[in-house]
Amino acid sequence: MMAEDFDRILDECIDRINRGDNLVDCLSDYPAYSEKLKPLLQSMHDVQKTYTFTPSADTKRATRQKFHAALGKRRQMTPVLSFFKVISRPAVWATVAVLVLAIVGTLVIRPLLNPPTLIPSPEGNFAFLISDEPNDIGDFESLNVTISRVELQAAGSGKRLEFTPEIKTVDLTQLQGEQSQEIWRGNVPAGQYSHVYIYVSEVKGRLELTGQTVDVKLPSGKLHISMPFEVTADTVTSFTFDITVVAKGNTGEYNLKPQIGESGAQQEQKPLE
Amino acid sequence: MNIGNRENISTINEYETQLSGLYEEYYDKIARYVYVHIGNKEEAEDIAGEVFLKALKSLKSYREQGVPMQGWLFRIAHNLTVDYLRKMGKRRTVPIDSVALPGNDNPADTAEKNIEFERVIEAMKQLTTEQREVINLRFFGELTSKEVSSILGKSDGAVREMQRAAIEKLRGIMGVER
């Protein structure tokens, strides 16, 4: 029993030191074990000191870019793979046979209906960020919003472009006020744009007071902001889409809304390659 | 698309987000973990990057593992390290010249530190493979003993016991009064 206690205390001290606590604090919390603990924790320190090194920032940056590029590519591929998985089933083949003419018809007009999909790139000229204007967000312990896609509408032609966020789920409680999170970066054709649409597939809220999950409504399944902005080829345009959560009176229900006053685009110089 | 399929994609998307979030916190720790095994910093950094790429490709299999994602990353790191060492044809130890000595003191101090580091490296070599793995995951991966237990398939208590025995052994071999 004593040995188990000691193992547990040693384990706790190792955790604390790993989290940045110091050896002396841990020893003073367990004076009865201090004499036995000290040499062991000192050995831990010696071992860590011997092997420690900080990976080079350049290598870390390069591998991070590689990882995000692979992630972006994978997210582009997922719907395609799922499609093939579905059509490989006999029942679907039967449906396909019945609807073949309709599909052919759809294929002809499909390019006109579906907006072109933009490809993510860490060196892209457009970054899309999410933020939260604090209204009733204080009621929440967490409020996770899952965004399935984003559409940008060009001014004039009305042509739409879409992209799939690299980070799909954001917790709005972590993005209050000046805080924001980049969810996609890539190349967007230079030009004037007038509307931004966010398609939300899921909203999961947990209340701070009760810990209960709560219904957050978004009847249309999308958030829309009408705002002119320009994207240029030689600068990075960062567009922040601000979302806010508002209580519906005393019903215990909440609505998710776009906050146009806090949303908008800003431009900065592209980093050197 | 049926509901099951949609759920699968949604889960995979969540895993992707989770994996992306772990990059900043765990890249350095994984690089250190690999470094302890292979003794080459540049290679360790490359392998750490490879761990995340491999994890991304294998996210489907993650669901079947039942371990925290960070633990799963270290499993991948372990496998890549073993592959690396197999390719190298022998298990390398950290060459003393590559250990970063803090500061640039006088030659006598440097020599003393070299001896101290050599003693630590020698002591690490004396541990059993499992003990070394526990120490590596706890000290450099900074995983909890519960996470280590899920990786090694042992109970928390067994990991804590192995950890204590390993540190006592290290202490005994290094055996210096400070």
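Residues numbered from 1 in each chain as written. Chains lettered and ligands numbered in written order. Predicted model: local features only at pLDDT ≥ 70, side-chain atom pairs only at ≥ 80, totals over all residues. Heavy atoms only, no water.

### Regarding the overall build of chain B
- What chain B contains, in helices and strands, is eight helices and zero strands.
- Along chain B, helices and strands appear, N-terminal first, in the series α-α-α-α-α-α-α-α.
- Sorting the 178 residues of chain B into buried and exposed places 49% on the buried side.
- Partitioning the intrachain contacts of chain B with sequence separation of at least 6 by distance along the chain shows that 64% fall at a separation of at least 24.
- Summed over all atoms, the accessible surface of chain B reaches about 8400 Å², with 48% contributed by carbon and sulfur. (Helix = DSSP H or I, 4+ residues; strand = E, 2+ residues; numbered from the N terminus. Buried < 20%, exposed > 50% of the residue type's maximum accessible area, 1.4 Å probe, protein only. Contact = heavy atoms within 4.5 Å. Areas by Shrake-Rupley, 256 points an atom, 1.4 Å probe, with all protein chains shown as cover.)

### Considering the overall build of chain A
- The number of helices and strands found in chain A is five helices and 12 strands.
- Looking at the 273 residues of chain A, the share that counts as buried comes to 42%.
- A fraction of 76% describes how many contacts in chain A between residues 6 or more apart in sequence connect residues 24 or more apart.
- In the form shown here, chain A has an accessible surface area of approximately 14700 Å², with 55% of it arising from carbon and sulfur atoms.

### So, helix α2 (residues 41-57) of chain B
- For α2 of chain B, built from 17 residues, the straight-helix expectation of 24 Å at 1.5 Å per residue is met to within 8% by its first-to-last C-alpha distance of 25 Å.
- Within α2 of chain B, the full set of buried residues consists of Lys 41, Ala 44, Glu 45, Ile 47, Ala 48, Gly 49, Val 51, Phe 52, Ala 55 and Leu 56 of chain B. (Expected span 1.5 Å × (residues − 1).)

### Notes on a negative patch on the surface
All names here are of chain B.
- There is a patch of like negative charges on the surface, built from Glu 42, Glu 43, Asp 46 and Glu 50.
- By the secondary structure assignment, Glu 42 is in helix α2.
- The class for Glu 42 is exposed, based on a relative accessible area of 55%. (Patch = residues over 30% accessible without salt bridge, like charges linked within 9 Å, V, L, I, M, F, W, Y side chains within 5 Å. Salt bridge = Lys/Arg side-chain N within 4 Å of Asp/Glu carboxyl O. Lys, Arg positive; Asp, Glu negative; His and termini not counted. Charge placed at Lys NZ, Arg CZ, Asp CG, Glu CD.)

### Here's the deal with the packing of helix α6 (residues 129-140) of chain B against helix α8 (residues 156-174) of chain B
Residues and elements named next belong to chain B.
- One can describe the packing of α6 onto α8 by two numbers: an axis separation of 9 Å at closest approach and a directional angle of 95°. The orientation of α6 relative to α8 falls into the category roughly perpendicular. Two secondary-structure elements touch here, α6 through Glu 130, Gln 131, Val 134, Ile 135, Arg 138 and Phe 139 and α8 through Val 159, Met 162, Gln 163, Ala 165, Ala 166, Ile 167 and Lys 169. (Axes fitted to C-alpha atoms, helices over the stretch in contact; angles between N-to-C directions. Parallel < 35°, antiparallel > 145°, perpendicular 65-115°, else oblique.)

### Some details on the confidence of the model for chain B
All names here are of chain B.
- Across chain B, pLDDT averages 82, with 79% of residues at or above 70.
- Low confidence marks residues 90-104, where pLDDT is under 50. Its contacts with residues over four positions away, or in another chain, come to 34 contacts.
- In the model output, the complex is listed with pTM 0.54 alongside ipTM 0.82. (pLDDT = per-residue confidence, 0-100.)

### Here's the deal with the packing of aromatic side chains
- In total, this model carries 21 aromatic pairs over all chains according to the counting rule given.
- When the ring of Tyr 51 of chain A is compared with that of Tyr 35 of chain B, the centres are 6.4 Å apart and the planes differ by 75°; the resulting orientation is edge-to-face. Highlighted residues: Tyr 51 of chain A in helix α3 (residues 34-51) and Tyr 35 of chain B in helix α1 (residues 3-38), drawn from two different chains.
- Each ring, one from Phe 126 of chain A and one from Phe 229 of chain A, has its centre 6.3 Å from the other, and the planes form 25°; the classification is stacked. Taken as a pair, Phe 126 of chain A in strand β1 (residues 126-132) and Phe 229 of chain A in strand β9 (residues 222-231) lie far apart in primary sequence, 103 residues in all.
- Using a relative accessible area of 0% as the deciding quantity, one classes Phe 126 of chain A as buried.
- Judged by relative accessible area, which is 5%, Phe 229 of chain A ranks as buried.
- Three or more aromatic residues joined by ring pairs make a cluster, and in this case those are Phe 126, Phe 128, Phe 163, Trp 184, Tyr 193, Phe 229, Phe 239 and Phe 241 of chain A.
- The ring of Tyr 199 of chain A is capped by Arg 149 of chain A, whose NZ or CZ atom sits 3.8 Å from the centre of that ring.
- The ring of Tyr 26 of chain B is capped by Lys 29 of chain B, whose NZ or CZ atom sits 4.8 Å from the centre of that ring. (Phe/Tyr/Trp six-rings, centres within 6.5 Å; stacked < 30°, edge-to-face > 60°. Lys NZ or Arg CZ within 6 Å of the ring centre and 35° of its normal.)

### Brief notes about the environment of Phe 140 of chain B
- Summarising the element assignment, Phe 140 of chain B is placed in helix α6.
- Exposure remark for Phe 140 of chain B: the relative accessible area of 2% places this residue in the buried category.
- Taking the C-alpha atoms as reference points, Phe 140 of chain B and Val 34 of chain B, separated by 106 residues in sequence, lie 9.2 Å from one another.
- With residues up to four places along the chain from it excluded, the contact list for Phe 140 of chain B reads Val 47, Gln 48 and Tyr 51 of chain A together with Lys 29, Arg 32, Tyr 33, Val 36 and Ile 135 of chain B.

### Regarding unusual backbone geometry
All names here are of chain B.
- We note that Glu 142 has phi near 55°; this positive angle belongs to a residue other than glycine.
- Its place among the elements puts Glu 142 in the loop between α6 and α7 (145-152).
- Relative accessible area serves as the criterion here: at 26%, Glu 142 is assigned to the partly exposed category.

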